[in-house]
Structures are given as C-alpha cells and as structure tokens.
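# Coordinate analysis (summary)
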Amino acid sequence: MDCCFRLLKRRGSRDPLFLTGVTFPPEYPASPETLVKLTVYDVRDKARDNSSFLGSATFSVSDLLRSKDDQLTLNLRSSDGVLAVGTVLVSRVNMGEMEEGDMDHITADVQQAQKCTLVCESSQGTPNDKDNSPLTGAVFKNPVCKVYKFQTVDSKWMLVREQMEECTLSFSIPRQLLHLYIQEDMRRIQELRDLGELSPHWDNLRKEVIGRYGQVIAAYQETLAELNKITGPSFKPSCSKAQRYLEFIPINLHTQRMRVTCPRQTDAFYDVITVGAPAAHFQGFKGGGLQRLLSRHEAEKKSFSTAYQCIYYSPEHTAKAQEVLHSVGHLQPLISGLADQLLQAAQQHSMAGLREALKTLAGKTEQFVHALKDELVKSALLALHAAQPGYVTKNQNQTLPGHQGHSHQDHPSPSQRGQQGQIPPQNPGHSPGQPSATDSPVVVCNNVDGGSQTAPIREDGHAPLKCQDSIPCHKEYDEEEWDRVWADVAKSLNCVIAMVDKLQEQEPINNNQEQPIPKQVLADVITSHNPEGDWREQLCPLVVRLKECVVEVVVRARRAMTFVLLQEAACSIPQGLFLKQRRDVVFSQALAALACGFVMRLYAGMEDKGFLRQLHLVGLVAQFESLLSTYSEEIGMLEDMEVGISDLHRVAFKITQAKTDDPCDLQPVVIGRRDHYTVEVPLPRLAFQTLPHEIKEGKALQVYPVLFNVGINEQQTIADRFGDISLQERINQRNFEILDSYYKSLSDKVPSECLPCFQTQTDLKDLLGTLGQNVVTKKRKNVEILWLAGTICRRLNGIRFTSCKSAKDRTSMSVTLEQCALLRDEHQLNKDYFIRALDCMRSRLTQGEVVCQWDSDPEAACSVAENKPASRHFYPIALLLVSSHLLVVWLILSLVFLLAKYQ
C-alpha cells in the first residue's frame, strides 16, 4: 500500500515537520504482512500543484505492532535508495476509547512543534466509530474525519476527533415542502371555485387569482420533477446557488461534530450545523430582501384595495382566516367520528363508553365553536353576500328622512378594465371589525352590471327595495343569521348532553359508576323521548342534528374565509404571489437546516433524561449565528434570512415510532400547511420505547429559533464607516428578547440539573445580562455578541448553526475558532499552543476539504487552506474606489464654481 504525503512547508523553515496520518479503510483491510510505503513531496505551490520528490520509506504493519510504544523511526531515502534525506516518525493510534495509560505513554521529549499534531484523517470513518450508528446513518452520510493529538496544561494528551457529514434532509425536506405547497394551492383553487356565482367584478378577480395560482403550481411541479431526478452528493455546493431548480435547497448544509477524549474524563462532543444563508439567491437582491419587500408591499396593499374595490385585510386577519379554514377542516371529521362513537356506545348500552365519548365530543365541539367566535367570520359573510349578483341588504332600522346612501364609483378590474367594479358593504380599504364613518342604512341592490344606485326616499321616510329587472334580487340578508347558525351547534350539543344525563338516571345506581357530570342549562326543551326505548334510538336524532349544524357552519365559514383570502390575493396581484414564492424558497432552506439540527440533537440526547425532560416541557432553542455584512447584496440576504428564521416559529416537531428499522422508514416527514408545519421524526422501536411518556403520546415539541448577526469581513468595515447597520442592531435586539423569554420559561419549568455542566461556572443569568448589554452597545464588529449567544445556546442544550453567504470561508474560520476555544476553556488545552492548534485545524479543515473537493471556487478553496479570506484584496480596492469617487465629486464641484465665477 502506497501513502503519498504532499505537505505544505512553512515559509522560512529549513527543517519543517510533516504532520499527517492515514487509516486503513474497511475495503482495504490490513494484516501483519501488509507493507506500507511512505512517499514525501515538498510542495512549493499548492494552488498549482507544484511539488518535488523528497524521499520514501517502507515498513510492514508487523514492524509497527512489535515496536516499542507503537512507534517506528524511519529514514527517508532518495529515489536511488542510497541517500538519507530525512526522518519519519510513525505512530499507531487507537481510534476507540483512550485509556489513561494510552495517554501517559507518549514521551515528553517530543519536539515542541509536534505538540499539535494531526494523527489521522479519513474520508470514511472507522469501524468502531461511535458516531456512525445505524440510527445516524439513515439521515447523515459520507463522513469526513480528522483526529488530532493536543497537549493539555498538565502535560497529558487529548484526542480530538472532527467529523463532518452530509445530511439527506438537504433534499428530502424541500421535496416534501414543494409537494405540500402544490397541494395547498390546489385546494385554494378549489375553494375559490366553490364560492359559487359572483358578480362580474369579483368573478374576473377570481379568474385572475386562479390563473396566478396555476402558474405557481406549474412552476413548483416542474421544480419538483427536476429535484426527483437528482442523484449524487446530498448537498448543494455554492457554485449551484444560481440554479433555478435548486433554489429551494440550502447551500452547503453539513453537520460538524468535535468529540474530545481526555484522561480521567468522559468523552465530550460539540455539534454545530453549517449552512449558507437561507435566502433567494437565484431571484437576486436588487430590490432588497423579504423583510423590506414585505413591509413595502403591505403599505401598498391599502391603496390597491381601494383601486380594486376590496376590503383591506391586515396580515393578522389573513392569518386568522387561514387558521379558521384549517380548524374547521380539521375538527369537522373529528366531531363526526366522535358522534358515531357515541351512538355505538349507546347501542352497546355502555354508560362508561357513553360518558367517555361524550366528554371527548363536547371538548372538540367547544373547540370548534370557539374557533368561529370571531367578528371576521361575520363581516366576511356579509361581504360575500354583497359580492353576489343582485344582492339586497336588509336593515332592521329603516332609513330616516335626510339620510343618503352610498354613491359608489365604478372601477375597472385589473385584468379587464372595461368591466365595472362592485362594492361590498364596507368601505374599500377599510379593515373589518372597525365602524365605517360612511355606512348608510339605505337598502340598495348591489353588484349589478350597471353599477350601484342610491334608493330614492319615500314620502314616509322609508327607502323602497329596488333592483334592475335584468337580474333578479336575492332574498334579503339577515345579518343575525350567522349568530343563530353558530349558536345552534352549542344548543345541539347541550341537547345531546341532557339526553345522556337522562339515560344515566334510568340506569340503576352502581357504586362503581363514575360521578355524573352536572347537567347543562338547556337551550331547547327536549320532549317526546321514550324512556323505555333503545338508547341509540333516543340519541340518534339529536346527534344527527348536531352533525347537520356543524356541516352548515363549516360550509358558511369556509366560503367566508375563502372570500377573505380572495380579496387579499386580488389586492396583491402580482407582487403578493411573487413574495409568497420567495418566502417559500427561503423557508424551505431554513426548515431543512432546522430539521437537520433537531435530528442531530435528538440522536445525541437519547440517553440524557434531563434533555428529554426539557424537550417536552419547554422545547429547544435554535441559535443561528450569521456572519453576513450589512453591505451591498448581503443586506438582502440578511433580510431574507430574518424572515425565514422568524417563520420557523410556525414549526413543531413530533417523535413517532418507525414502522421498521429500514433507513427509508427513519426519514423525517413534514405535514401541515404554510402557517403551521409539523416535522415527524421516526425512531426505531427500541429507541422509541425509552422516551418519556409525554413524547411517546405525540406531544408537539417546540423549537425557538433566534438569529444573531455580526458582519466580520472587509465589506462590514465599509458598512460601519459609511453605511447603515440598523438592520443588524434591530435583529440582535429583537432576538435577544426571544432568547431571554425562553430562559425565563425554562427556569420556571425545568430544574437546573437538567442542563449540561461546563467547566466555566459563569451563571446563565449573568451571561444573558452581558449579552443584553452588548446588543445595545454601539461597537463595530462586536463579535462578543456571537460568542455569548453561542455559549448560552450550548448551556441551554440548544442547537447551534453558523452561516455566512456560502458556508465556506467565514463559517470555517468561526467554527475552528470556537472549537479551539472550547478545548481551551473546557478541556485545559495548553494556552501556549492555542494558536498552534488553531493553525493545525485550519490547515486540515474539514469544511475546507468540502470546498476543495466539491466546490468550483478555487480562490475560495485556496484561501481556506491558507487561512485567509477569499475577499482579502477587497478592502484596499474599495477604499480606492471611494477615494476616486470623492475626487470626481470634488472636480465637478470645482468646475461648477469656476463657471459660476466667470459668468
């Protein structure tokens, strides 16, 4: 077996030390008779692969096994085998558990420069690697490993293992989301069609909105088809960020774990997820990012609502409409099924079953009624009726003399300007739930093709009903009808409860029976029931009535809320749907990263009872560390990322039992809709049985995402001096409040014993106080914010993410710096060798290896290996450009001054 070492020699060093290693992969097993040939090259120019042969040496594995202290000293020989050109020290390292004796046997007379050594590297891991279990293999794959040997302050040695892996969720989560997006938009189209007959104005708007939805669905179907064709690596390299079909995929999503083995200490591990900033890179940032675009669009919607004769609905109203649609769609089949269970228990004459079914039915029905207790539903129903052809309003109080009705202006539809627009009862641009200053009680016939007309006042002061002969008038709309229909559900439920109480009174008293539920106050009088008849016969009419009332309410509420969403979409054409697509893209990238981090943290904490208790009582914090600058297009990226991370608050996790232990059945599954998604994480049966009861019962597990950003590159220097950093300041302050709120909730519900222990004993409350002071302090490149936020996240059992534009240069520098700081603070890394350890990690950076192997950005790849940012030449060029611009301005002003003087 030949091993070729191409090593970078330090400039000015006449006696460099070669620090590298090799493992025997499973497909090439080593035996005592195996011969290993080492060939060493002097690399003069790594970028151009300019190197020269130095020497080679050969040994057998049996020689290494028989050697003292598992070490061999070999002489490098020239190509003719005569001249000795150097020395190679070969050491055997046990990749499993390190015993204390294994650490102490390493001699102390090793040269000082060797105290930070890469002892092993592998692209496949090792057979006894505890991080490569079958459980993790279902989601994480293609590990890249490095093992280092570092000296501690007490002259002992620690082994540090870095392992980076790809995550299959990079593609599987976006695929599932695209499928859900398509299903949701197709349902919306069907709901719009189910609105029935509308006036020409609203019908034209509906057709246009449906057409826009159809375009989005077609684009998503095309993207999904292309994603299903992709095979190969489970991540998207940064060179592909401008590809349209990959815009839903996060950039360079990888997991990175550092496992530390020290004498007289249990192994410790530290995880971080690295990912490119979740942003719409393909769509670009000329107009800014989501945060700016959404704010601008929301301000423009009010004027659009007036032009298109729509009611302006705020984002809160739109979210409420979507929530009502989901609630009624979810609760109606539940109520129907529970009602059937109640009848089945009655048929079996099981009072216990009857009571249990009734209790569940009453709870779900009350939840159903409560979900519809909103003025938005009532006002939307009135607006929908007003949008129907020939509709006539009904007023309980007739118009008094001198009052005048609405005089509406005709506005053309955005798609067909020749069509006359129609007006709902509310003012255009008027939010529901607020009184209108111009509302009139005069009865008019709305939505006729020739426009609305004011009804003349009769001599007796009453306004007659009037409509055009060409369109028949609908029946008068009673504004209190919804209240009666809605209340019928509660009345029907009370009747069912009363009947069950009556049936229980007919049963002989049994001491083992549960105590009867107190009787409800009846809304209707129950009569003509045969006390001696069958229970099912007595309950059936009441249960059927309850189901009919629920169906009637669902039909009305669904049409009303769909009309709200129609008006919101009509006012947003086409910008609103474009922003929705952009938000879908950003959220897809953010959710893939979050799911990856959650699964990794769950797998690592399966045996930690304190962590599992925290998980179901409070949830986890997910801390996103961003290194984006507030300059140029990265401002738009940060604005996208802010919205994407904030949208993760709508995500919950649920742990389920996998059908089998097959890797395909262990893949997380996404369900839900845009305003609320649930990620189901399946576990093998044996692992699932060890979980707390609350988690096994399917309790939703919450995640609290927070984002902290500090720009660190040369572009941020320009932004600090000449630009605006208010976006960064606002993000940090807002997310600090979320983090502080999470800590208070955690302190109230979870004992401190559930949190991990660290060598640094700084109190969490003090760390939060220091972080709070830093986020309000005006300081350039205040990286203390990132360090404190990361420390707090680890102390809270949280999930750590690090991001920059492409998760390469800045991300790599941040991860290695954090790892060396953890070795120093938690594992007593000798402070004199901190920089040396940092150089050793960065010279063999796992993140840099990804860049070199799979990314097509050679300058960035070389900059990682040389520990330099790819944009190292940008700063002086930028200053030169600024200076040249100032010179041009000065020359122009001077010329203007001279012309004015001589004139």
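Residues numbered from 1 in each chain as written. Predicted model: local features only at pLDDT ≥ 70, side-chain atom pairs only at ≥ 80, totals over all residues. Heavy atoms only, no water.

## Examining the overall build of the protein
As a reminder of what qualifies: Runs of H or I in DSSP of at least four residues are treated as helices and runs of E of at least two as strands, each being numbered from the N terminus. In this description, contact between two residues means that some pair of their heavy atoms is separated by no more than 4.5 Å. Note on areas: these come from Shrake-Rupley sampling with a 1.4 Å probe, and a residue is covered only by the protein chains present in the view.
Of the regular secondary structure elements, the protein holds 25 helices and 18 strands. Within the protein, counting contacts between residues at least 6 apart in sequence, those at least 24 apart form 77% of the total. Of the accessible surface of the protein, which amounts to about 42700 Å², a share of 52% is contributed by carbon and sulfur atoms.

## Here we look at the pattern of salt bridges
Which entries qualify depends on this criterion: When a carboxyl oxygen of Asp or Glu lies within 4 Å of a side-chain nitrogen of Lys or Arg, that pair is called a salt bridge. Only protein chains enter the calculation, and the probe is 1.4 Å; a residue is then buried if its accessible area is under 20% of its type maximum, exposed if over 50%, and partly exposed in between.
Taken as a whole and judged by the stated rule, the model has 30 salt bridges. Arg206 is paired through a salt bridge with Asp203; the nearest N and O atoms lie 2.8 Å apart. Placement of both Arg206 and Asp203 in helix α5 (residues 200-229) is noted, with a separation of 3 residues, approximately one turn of the helix. Accessibility classification places Arg206 together with Asp203 in one group, the buried group. Residues participating in the shared-partner salt-bridge network are Glu184, Asp185, Lys580, Asp584 and Arg674.

## What to know about the packing of aromatic side chains
The line we're drawing: A pair of Phe, Tyr and Trp rings is counted when the ring centres sit within 6.5 Å of each other, with Trp represented by its six-membered ring. The angle between the planes then sorts it: under 30 degrees is stacked, over 60 is edge-to-face, the rest tilted. Any Lys NZ or Arg CZ found within 6 Å of a ring centre and within 35 degrees of that ring's normal is scored as a charge over the ring.
Taken as a whole and judged by the stated rule, the model has 9 aromatic pairs. With a centroid separation of 5.5 Å and an interplanar angle of 90 degrees, the aromatic rings of Tyr220 and Phe248 are classed as edge-to-face. Of this pair, Tyr220 sits in helix α5 while Phe248 sits in the loop between α5 and β9 (254-261), and the two are 28 residues apart along the sequence. The pair Tyr220 / Phe248 is uniform in exposure class, with both members buried. Between Phe624 and Phe801, the aromatic rings sit 4.1 Å apart at their centres with planes inclined by 5 degrees, giving stacked as the arrangement. Here Phe624, found in strand β13 (residues 620-626), pairs with Phe801, found in strand β18 (residues 799-803); they are 177 residues apart in sequence, far enough to count as distant. The burial state of Phe624 is the same as that of Phe801; both residues are buried. An aromatic cluster is present here, built from Tyr181, Tyr220 and Phe248 joined pairwise through their rings. Here Lys149 stacks its cationic end above the ring of Trp157, 5.2 Å away from the centre of that ring. It is Arg601 that lies over the ring of Phe611; its NZ or CZ is 4.2 Å from the centre.

## Considering helix α13 (residues 609-617)
Taken together, the buried positions of α13 are occupied by Gly610, Phe611, Leu612, Gln614, Leu615 and His616. Against the buried residues of α13 lie α12 (575-604), β13, β14 (651-657), α16 (693-696), β17 (701-709) and α18 (726-749).

## Comments concerning helix α8 (residues 351-371)
Test applied: Given a helix with a known number of residues, its expected span is that number minus one, times 1.5 Å.
With 21 residues, α8 extends 30 Å from end C-alpha to end C-alpha; this agrees with the ideal 30 Å at 1.5 Å per step. Inspection of α8 places Met351, Leu354, Arg355, Ala357, Leu358, Leu361, Ala362, Thr365, Phe368, Val369 and Ala371 among the buried residues, and these make up the whole buried set. The elements touched by buried residues of α8 are α7 (315-347), α10 (481-506) and α11 (535-572).

## Description of the packing of α7 against α11
Each pair of packed helices can be described by the angle between their axes along with the distance between the axes. Convention followed: Helix axes use the C-alpha atoms of the stretch in contact, all axes being lines fitted to C-alpha atoms, and the angles between their N-to-C directions lie in the range 0 to 180 degrees. If an angle is under 35 degrees, it is roughly parallel; if it is over 145, roughly antiparallel; if it lies from 65 to 115, roughly perpendicular; otherwise it is oblique. When residues are grouped by polarity, Ala, Val, Leu, Ile, Met, Phe, Trp, Tyr, Cys and Pro land in nonpolar, Asp, Glu, Lys and Arg in charged, and all others, Gly among them, in polar.
Interhelical geometry of α7 versus α11 gives an angle of 170 degrees and a closest axis separation of 9 Å. Considering the angle they form, α7 stands roughly antiparallel to α11. For the contact of α7 with α11, the class distribution of residues is 19 nonpolar, 8 polar and 5 charged.

## Section: the packing of helix α4 (residues 169-193) against α5
Operational definition: For any pair of crossing helices, the crossing counts as left-handed if the nearer helix is rotated counterclockwise from the farther one by less than a right angle, and right-handed if it is rotated clockwise.
In the contact formed by α4 and α5, the axes pass within 9 Å of each other and the chain directions differ by 160 degrees. If you check the angle between α4 and α5, you find them roughly antiparallel. By crossing handedness, the relation of α4 to α5 is classed as left-handed. By residue class, the composition of the contact of α4 with α5 is 15 nonpolar, 5 polar and 5 charged.

## Some thoughts on the environment of Trp482
Relative to the elements of secondary structure, Trp482 occurs in helix α10. Along the primary structure Trp482 and Ser379 are separated by 103 residues, whereas in three dimensions their C-alpha atoms are 10.0 Å apart. Excluding its chain neighbours within four sequence positions, the residues that come into contact with Trp482 are Leu372, Val377, Lys378, Leu381, Val553, Arg556 and Ala557.

## Let's talk about the side chain of Lys580
What counts, and what does not: By the criterion applied in these results, polar contacts are pairs of N or O atoms within 3.5 Å in which, for protein atoms, one can donate a hydrogen and the other can accept it, and in which residues neighboring in sequence qualify only through two side-chain atoms.
As for its placement among the helices and strands, Lys580 is situated in helix α12. Given a relative accessible area of 17%, Lys580 falls into the buried group. Polar side-chain contacts of Lys580 include one of 3.3 Å to the side chain of Asp185. Residue contacts for Lys580: discarding those within four places in its chain leaves Asp185, Tyr213, Tyr220 and Arg674.

## Here's the deal with the environment of Ser170
Mapping Ser170 onto the fold places it in helix α4. Sequence separation between Ser170 and Val139 is 31 residues; the distance between their C-alpha atoms is 9.9 Å. In this structure, Ser170 is in contact with Ser234, Phe235, Ile249, Pro250 and Leu253, ignoring residues within four places of it in sequence.

## Comments concerning the environment of Asp647
Structurally, Asp647 is set in helix α14 (residues 633-647). C-alpha separation for the pair Asp647 and Phe587, spaced 60 residues apart in sequence, amounts to 6.9 Å. In this structure, Asp647 is in contact with Arg583 and Phe587, ignoring residues within four places of it in sequence.

## Overview of the state of the cysteines
Short version of the rule: A pair of cysteine sulfur atoms is labelled a disulfide when the two atoms are within 2.5 Å.
If you walk through the whole model with that rule in mind, you get 0 disulfides. Unpaired in terms of disulfides, Cys167 finds its nearest cysteine sulfur in Cys596, a separation of 3.5 Å. The exposure class assigned to Cys167 is buried, which follows from its relative accessible area of 0%.

## A word on the side chain of Asn782
Tracing the chain through its elements places Asn782 in the loop between α19 (764-775) and α20 (784-795). Each residue touching Asn782, except ones within four places of it in the same chain, is listed here: Val710 and Asn774.

## Some points on the pairing of β13
The side chains of a regular strand alternate between the sheet's two faces. Cut-off, in case you're wondering: Here, a strand pair is defined by DSSP locating no fewer than two bridges between the strands.
Within β13, 7 of the 7 residues are buried, which leaves it mostly tucked inside the rest of the structure. Residues Leu620, Ala622, Phe624 and Ser626 of β13 are buried on one face, and the alternating residues Val621, Gln623 and Glu625, pointing to the opposite face, are buried as well. Taken together, the 7 bridges between β13 and β17 define a ladder with parallel strand orientation. Within β17, the position partnered with Val621 by the bridge is Tyr704. As paired elements, β13 and β18 share 5 bridges and run parallel to each other. Its bridge partner lying in β18, Gln623 is registered against Arg800.

## Considerations on the confidence of the model for the protein
The cut-off we apply is this: Confidence scores per residue from the predictor, reported as pLDDT, run from 0 to 100.
With 71% of its residues at a pLDDT of at least 70, the protein reaches an overall mean of 77. Note on residues 95-116: pLDDT under 50 across the span, and 45 contacts to partners over four residues away in sequence or across chains. Low confidence marks residues 509-533, where pLDDT is under 50. Its contacts with residues over four positions away, or in another chain, come to 29 contacts.

## A few points about a nonpolar patch on the surface
The following threshold applies: Only residues whose relative accessible area exceeds 30% and that form no salt bridge enter a patch; like-charged residues are grouped when within 9 Å of one another, and nonpolar side chains (Val, Leu, Ile, Met, Phe, Trp, Tyr) when within 5 Å.
On the surface, a cluster of nonpolar side chains totalling about 290 Å² of accessible area is made up of Val82, Leu83 and Val85. Looking at where Val85 falls in the secondary structure, it is placed in strand β5 (residues 84-91). Residue class for Val85 comes out partly exposed when judged on its relative accessible area of 40%.

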